[in-house]
Amino acid sequence: IVKASESEFWQIVLDGARKAAKHYGVELIEQAPTSESDVARQVSILETAISMKPDAIVLAPTVADALVPGIEKATAMGIPVIIIDSAANTDKYVTFLASDNYKIGQLAADELAKAIEKKFGEAKGKVAAFTFMSGVGSLEARMKGFLDRVKEKYPEIEVVTVRDAMGKQGNTLNMAMDVLTAYPDLRGIFANNQYTGDEVVRALDMRGVKNLAFVAVDAGPQELWGLENGYVDALILQKPWVMGYAGVAFAVIARNLQSLGFEFPKFIDTGIVAITPDMLGKPAAESILDPVKFYKNW
């Protein structure tokens, strides 16, 4: 159960999950709300899944609290629950497979500072930050990591505004246009997921702005186009394909070992990497940027 069917990120996760299901010989049932903002739908999907009494559940909780009753119910029924991508406010699960989202924010701050220094001669000036939706555990951790790192390491960089798209696609485009107008001396922007990143690229392209430093998370189509065409200085990428594959693999292992009392680590880091324009076309980058193609014959 992932966060949204409309997102390329989650389609990559599911591709990895399908490959693991094929390798392990298990039936994979894929479910998701259309949009990440439809938390109630994801709660309903989880409740229905529990009623089916599957051998295991792999879940990416959209928000930290809403899915907790379902997670704890499934665990109490003896259904192993593997959490991926975003945390839930409970420990009643087998293991949590994810990128360290706080580190994503820290790495984004470092890459943004490098880009500002490269373009303006020193790591100083005003920057803006965009989040897709408050209350989402992964996005909150990314933003906190970013803001903490700027404060700790780059005292001459000022975060002048943090804007929230409130889970609605299209909002970031309008907010980015507003920010570019309100802060003509802006030197940098951070966007903490694909939706915000894609829309900031569109805003920069519409304004013809390439003299800003811009770092985003994920690798949406507009983000990649921006990296190739001078609008994006770095993309901070997770490994969603690995996350999907490992989620199913650990679910199978948990199901088979649960009667033995085997204990898994509560958190397993699936890793992050920064991709810059000079890395494009190289194998190390392509395995991250196009994992579906890279792992096709695996």
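Each remark here, short or long, concerns the structure printed above.
A few points on the structure. (Residues numbered from 1 in each chain as written. Predicted model: local features only at pLDDT ≥ 70, side-chain atom pairs only at ≥ 80, totals over all residues. Heavy atoms only, no water.)

All right, on to the pairing of strand 6 (residues 186–191) then. In terms of burial, strand 6 is largely enclosed, as five of its six residues are buried. Here five bridges tie strand 4 (residues 125–131) to strand 6, and the two strands are oriented parallel to one another. Looking across to strand 6, one finds that Ala129 is bridged to Phe190. Taken together, the four bridges between strand 6 and strand 7 (residues 213–217) define a ladder with parallel strand orientation. Residue pairing across strands places Phe190 opposite Val215, the latter belonging to strand 7. Between the parallel elements strand 6 and strand 7, the chain passes through helix 7 (residues 194–207) in a crossover that is right-handed. (Buried < 20%, exposed > 50% of the residue type's maximum accessible area, 1.4 Å probe, protein only. Helix = DSSP H or I, 4+ residues; strand = E, 2+ residues; numbered from the N terminus. Pairing = 2+ DSSP bridges. Right-handed = clockwise from strand over helix to strand, strands pointing away.)

Moving on to the sheet that holds strand 8 (residues 234–237). With mixed pairing, the six strands of this open sheet are ordered in space as 5-4-6-7-8-10. Only two strands of the sheet have a single neighbouring strand rather than two, namely strand 5 (157–164) and strand 10 (273–275). Across the sheet, the mean angle separating the axes of adjacent strands is 20° when strand polarity is ignored. Strand contacts of helix 4 (residues 101–120): strand 4, strand 5, strand 6, strand 7, strand 8 and strand 10, with the helix running at about 160° to strand 7, the strand carrying the most contacts. (Axes fitted to C-alpha atoms, helices over the stretch in contact; angles between N-to-C directions. Contact = heavy atoms within 4.5 Å.)

A word on a nonpolar patch on the surface. Taken together, the side chains of Tyr24, Val26 and Ile253 make up a nonpolar region of the molecular surface, amounting to roughly 220 Å² of accessible area. By secondary structure assignment, the location of Val26 is in the loop between helix 1 (8–24) and helix 2 (39–51). Residue Val26 is classed as partly exposed on the basis of its relative accessible area of 34%. (Patch = residues over 30% accessible without salt bridge, like charges linked within 9 Å, V, L, I, M, F, W, Y side chains within 5 Å. Areas by Shrake-Rupley, 256 points an atom, 1.4 Å probe, with all protein chains shown as cover. Salt bridge = Lys/Arg side-chain N within 4 Å of Asp/Glu carboxyl O.)

Before going further, it helps to examine the sheet that holds strand 2 (residues 81–84). An order of 1-2-3-9 is seen for the four strands of this open sheet, with the pairing classed as parallel. A single partner strand is all that each edge strand has here, and the edge strands are strand 1 (57–59) and strand 9 (267–269). Along the sheet, successive strands turn relative to each other by an average axial angle of 20°, direction set aside. Of the pairings in the sheet, the one linking strand 3 (residues 95–98) to strand 9 comprises three bridges and is parallel in character. Counterpart to Ala98 in the pairing with strand 9 is Asp269. Its contacts with the sheet place helix 3 (residues 68–76) against strand 1 and strand 2, and it is angled at close to 150° to strand 2.

This paragraph deals with the packing of helix 6 (residues 171–182) against helix 7. As a packed pair, helix 6 and helix 7 sit with axes 8 Å apart at the nearest point and diverge in direction by 45°. Viewed along their axes, helix 6 and helix 7 adopt a mutual orientation that is oblique. Note that helix 6 runs across helix 7; the crossing there is right-handed. On helix 7, the residues touching Asn171, Thr172, Leu173, Ala176, Met177, Leu180 and Thr181 of helix 6 are Thr196, Glu199, Val200, Arg202, Ala203, Leu204, Met206 and Arg207. Of the residues in the contact of helix 6 with helix 7, the class split is eight nonpolar, four polar and three charged. (Parallel < 35°, antiparallel > 145°, perpendicular 65-115°, else oblique. Left-handed = near helix turned anticlockwise from the far one by under 90°. Nonpolar A, V, L, I, M, F, W, Y, C, P; charged D, E, K, R; others polar.)

What follows deals with the side chain of Gln238. With respect to the helices and strands, the residue Gln238 is situated in the loop between strand 8 and helix 9 (240–257). A polar contact of 3.0 Å, which involves the side chain of Gln238, links it to the side chain of Ser99. At 3.4 Å, the side chain of Gln238 and the side chain of Asp218 are in polar contact. (Polar contact = N/O pair within 3.5 Å; in protein donor to acceptor, adjacent residues only side chain to side chain.)

We now examine the packing of aromatic side chains. In total, this model carries 13 aromatic pairs according to the counting rule given. Centroid distance Phe9 to Trp10: 4.9 Å. Interplanar angle 85°. Geometry classified as edge-to-face. By relative accessible area, which is 1% here, Trp10 ends up buried. Pairing Phe250 with Phe264 gives two aromatic rings, centres 5.8 Å apart and planes at 70°, and the pair type is edge-to-face. Residue Phe250 is located in helix 9, and its partner Phe264 is located in the loop between helix 9 and strand 9; the two are separated by 14 residues in the primary sequence. For Phe264, a relative accessible area of 15% puts it in the buried group. Grouping aromatic residues by their ring pairs yields a cluster made of Trp241, Tyr245, Phe294, Tyr295 and Trp298. Its guanidinium or amino end placed over the ring of Tyr93, Lys266 lies 4.3 Å from that ring's centre, counting from NZ or CZ. (Phe/Tyr/Trp six-rings, centres within 6.5 Å; stacked < 30°, edge-to-face > 60°. Lys NZ or Arg CZ within 6 Å of the ring centre and 35° of its normal.)

Remember, this is a structural readout, not a statement about activity or role.
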